[in-house]
Structure formats: structure tokens, C-alpha cells
Amino acid sequence: MLASYPHSAHSGELSELTRMRREASWIYKTNSGDYADIFRTKQRGPGGIIQVWRMKASDYKDLFAALDTWIRQGQGVQAQRELVRLSKKKLPRREALAFAVLARRADLPLLGIRILNPIVRPTNKAPATASETESAEYALSLTKIGATQEGLQILSDLESTRIPEVLLYTAFAHFTGWDYESALPLLSAYVALPGIAPYQRLIGQVNLAAALVHEQHYLKARELLRLILQETHEKNYVLLQGNALELLAQNSILERDWEAAEEHLNEAQKRLSDTNSRDAFYVRKWRAILALLKSWPPFNSLEILHAIKAEARQRQCWETARDCVFFEAVHTKNHALATHLYFGTP
């Protein structure tokens, strides 16, 4: 977070600000000679505030740790604000990968693409050699903005025995084409790997559960999601807990268990309290789909679903927009709409 203080602040005020920032896991010192770079905004009004961001090279680790915590706890919008601010600075090359990972996880893949593109796609004037991990992250960020084929091409040139995330990222790419069947063995292999970090294994398990739900393996999905809920509750991984509850709601909707679906959506909404995040938006999407499937004639529920579809387009959540069309076509038996969805959308 940016440190803010009056332009005339004396050293005592700066020390207090330093203490506050350290309590929030941010490291700031008052000796300007200790910092690698300084970012300063314009003064705001008479006697207003000047915001100063001073960072030592070693402080990036603490900064990124704080952002990682916010994302895990479902405070994605807060993380987004700080990542956008940080993107205005010239980051050291060694920090590019960590920044890109956080940006993608905070639903800002374009920021990650922007910083990794000169590394993965260098020019003669600015030569660079990308690591395999940088290439894999760049590929995943491409799939997040719809450049799935380019992303898959990059991933196909990487070896999963050296970069285990290739399995996970390739599965994510298949998700964008609704090819959950191809994603299943990749995700199963990934979560069974020894040595991957516990949080990364949970991410793999959540996405494995999503594939199981989509492929109608409802019992297996429910059993896996119960285990995920237990672990995420114990470790206070709020975001993954909310994701698991949303998937349980999906599972219940597809099993036409409306009461259980409503309960899971209510619990997911409590966890994903950051209402502007994409994860909270997904909860609202499934609530709209649930309302549609419970109603006939579906006039009022269709209005809600159409509003969700419009918001999905605004957010560029193309798969959510397609989900809305799919459930409308199935529920209203609109064959023309279903045909357009299958043949007329990318």
C-alpha cells in the first residue's frame, strides 16, 4: 500500500507510518538512501497529501507475500489496486515472473502479459532468454484473454517433468474450450505429483472437482469437494473455500437438488464477500441459473440471467456468457439458440 503523509511531515510521523506499514507486512524505512527507487504522485490540493512508494529491492518479496495473502483470503479487488499501481513502475527482471503470477491470479492477466512479453517474445533490439517457468506463465495468461491456441502451442513445447505446472496450465487451457474430458487426466496427474506445494495441490484439486462436475461425476466431485472444504477451513484459505462451495452448488444444481444448491450458494457468498471480484460474480451467475431452472414460465428469471450475461460480456467472461446462453437454450427448449451457441460462438 502506498504510504501517505503531509508534505511537511516530520520524522516522528514517518516513523509512525513505518510502524503501521510493517504491521501490514509492508517494509518501509525513512532513510531515502536505502531505497532502489521512488514513485511519487502529485500533491493533492493546498496542504494536501503526497503519496510516496519507496521500495528496496529486497522489499518485493514482502510486498508479493502480502498480495498473495490478500488473494488467498478473497480480497482480490484490494490486490488488483496495488498491482495496477505497481505496474506503473519499471520492475526488475527478477521480479517479472512473481508479478505476472499474482496479476493473473488477481484476474489481471494483461498486466502479466505486458511484463513477460518482452522476455518471452524478445526483439533483436532487446534480446532476452525466457525461462521455462516464465514461458509457462505467459502461456497461461494468454489463455486467460482468449488466445488459447497460442498458449497451448507454447505449453506443448515445455516438459512437464521439469515444470509440473504445465499439466495444470494445459488443463486450464482445455477448460476454455469446454474440453473438461481432456483436462481430467492432466489434473489427476498433477495433484498426484510429489513435492508440489500444498496450496498448489489444493488449486489442482479444486479444478479437478470442476472437471468432475462438468463431466457429471457427481459423487466423486462431492467427495473431493468435502475434503477440500475441510482443509481450506483449517488453513483459512477463504478464496478456495468459496470456490469449493460454488462448485458444490453447481453439483447440486445439475443433480436438481435446489435446496442444497441454495445453501451452498449462500455459504459461498459469505466467503466471497468482495462483491466486485470475479469469484463473487460466479456465485451470482449460478444463483441466476438456479432461479431460471426453478421457474416456469421463466420470464422474470430470464431478465436476471440476461443481466448476468450482459455483465459477463462487460467483464469479458466469455465462458460465463456462454453458460447463460446454454442454460437458457436448454430450459426454454430453444433449438435455434442452442445451434447458435454451438456453431456460432468461438
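The structure we're discussing is the one just above.
*Asks:* How should I be thinking about the packing of aromatic side chains in this particular structure?
*Replies:* Working definition: an aromatic ring pair is given by the centre-to-centre distance plus the angle between the planes. For the structure on display, the rule yields nine aromatic pairs. For the ring pair Tyr 199 and Tyr 237, a centre distance of 4.8 Å and an interplane angle of 90° mean the geometry is edge-to-face. With Tyr 199 in helix H10 (residues 198-214) and Tyr 237 in the loop between helix H11 (218-235) and helix H12 (238-254), this residue pair connects regions lying 38 residues apart in the sequence. Look at Tyr 199 and you get buried, because its relative accessible area is 6%. The class for Tyr 237 is buried, based on a relative accessible area of 15%. What links up through ring pairs into an aromatic cluster is the set Tyr 169, Phe 172, Phe 175 and Tyr 180. Between Arg 315 and the ring centre of Phe 281, over which it is positioned, the NZ or CZ distance is 4.8 Å.

*Asks:* Can you help me understand the packing of H10 against H11 in this one?
*Replies:* When two helices pack together, their arrangement is given by the angle between the helix axes and by the axis-to-axis distance. Where H10 contacts H11, the axes come no closer than 9 Å and their chain directions differ by 150°. The orientation of H10 relative to H11 falls into the category roughly antiparallel. For the crossing formed where H10 meets H11, the hand is left-handed. Contacts between H10 and H11 involve Pro 198, Leu 202, Gln 205, Val 206, Leu 208, Ala 209, Leu 212 and Val 213 on the former and, on the latter, Tyr 218, Lys 220, Ala 221, Leu 224, Leu 225, Ile 228, Glu 231, Thr 232 and Lys 235.

*Asks:* Looking at this structure, I do not really get the nonpolar core. What am I missing?
*Replies:* If you look at soluble globular proteins, the nonpolar side chains tend to sit buried side by side. If you look at the biggest cluster of nonpolar residues, it comprises 92 residues, and the most contacted ones within it are Phe 64, Leu 67, Leu 83, Phe 99, Leu 116 and Leu 187. If we ignore the near neighbours within four places in the chain, the residues touching Phe 64 are Leu 86, Glu 95, Ala 98, Phe 99 and Leu 102.

*Asks:* Can you walk me through the pattern of salt bridges in this structure?
*Replies:* One side chain can pair with another of opposite charge once the charged atoms of both are near each other. Tallying each qualifying case throughout the model produces 18 salt bridges. The salt bridge partner of Arg 315 is Glu 311, with a shortest N-O separation of 3.1 Å. Pair noted here: Arg 315 and Glu 311 are both in helix H15 (residues 299-315), with a separation of four residues, about one helical turn. Classification of Arg 315 by relative accessible area gives partly exposed; the value is 23%. Here Glu 319 and Arg 322 are joined by a salt bridge, their closest N and O atoms 3.2 Å apart.

*Asks:* Help me out: how do you make sense of helix H5 (residues 109-120) in this one?
*Replies:* Along an α-helix, residues three or four apart share an orientation, since each turn contains 3.6 residues. Along H5, the residues classified as buried are Pro 109, Leu 111, Gly 112, Ile 113, Ile 115, Leu 116, Ile 119 and Val 120. Looking at the packing, one finds that the buried side of H5 touches helix H3 (76-87), helix H4 (96-105) and helix H6 (132-144).

About the thresholds
- Residues numbered from 1 in each chain as written.
- Predicted model: local features only at pLDDT ≥ 70, side-chain atom pairs only at ≥ 80, totals over all residues.
- Heavy atoms only, no water.
- Phe/Tyr/Trp six-rings, centres within 6.5 Å; stacked < 30°, edge-to-face > 60°.
- Helix = DSSP H or I, 4+ residues; strand = E, 2+ residues; numbered from the N terminus.
- Buried < 20%, exposed > 50% of the residue type's maximum accessible area, 1.4 Å probe, protein only.
- Lys NZ or Arg CZ within 6 Å of the ring centre and 35° of its normal.
- Axes fitted to C-alpha atoms, helices over the stretch in contact; angles between N-to-C directions.
- Parallel < 35°, antiparallel > 145°, perpendicular 65-115°, else oblique.
- Left-handed = near helix turned anticlockwise from the far one by under 90°.
- Contact = heavy atoms within 4.5 Å.
- Core = buried A, V, L, I, M, F, W, Y, C linked by side-chain atoms within 4.5 Å.
- Salt bridge = Lys/Arg side-chain N within 4 Å of Asp/Glu carboxyl O.

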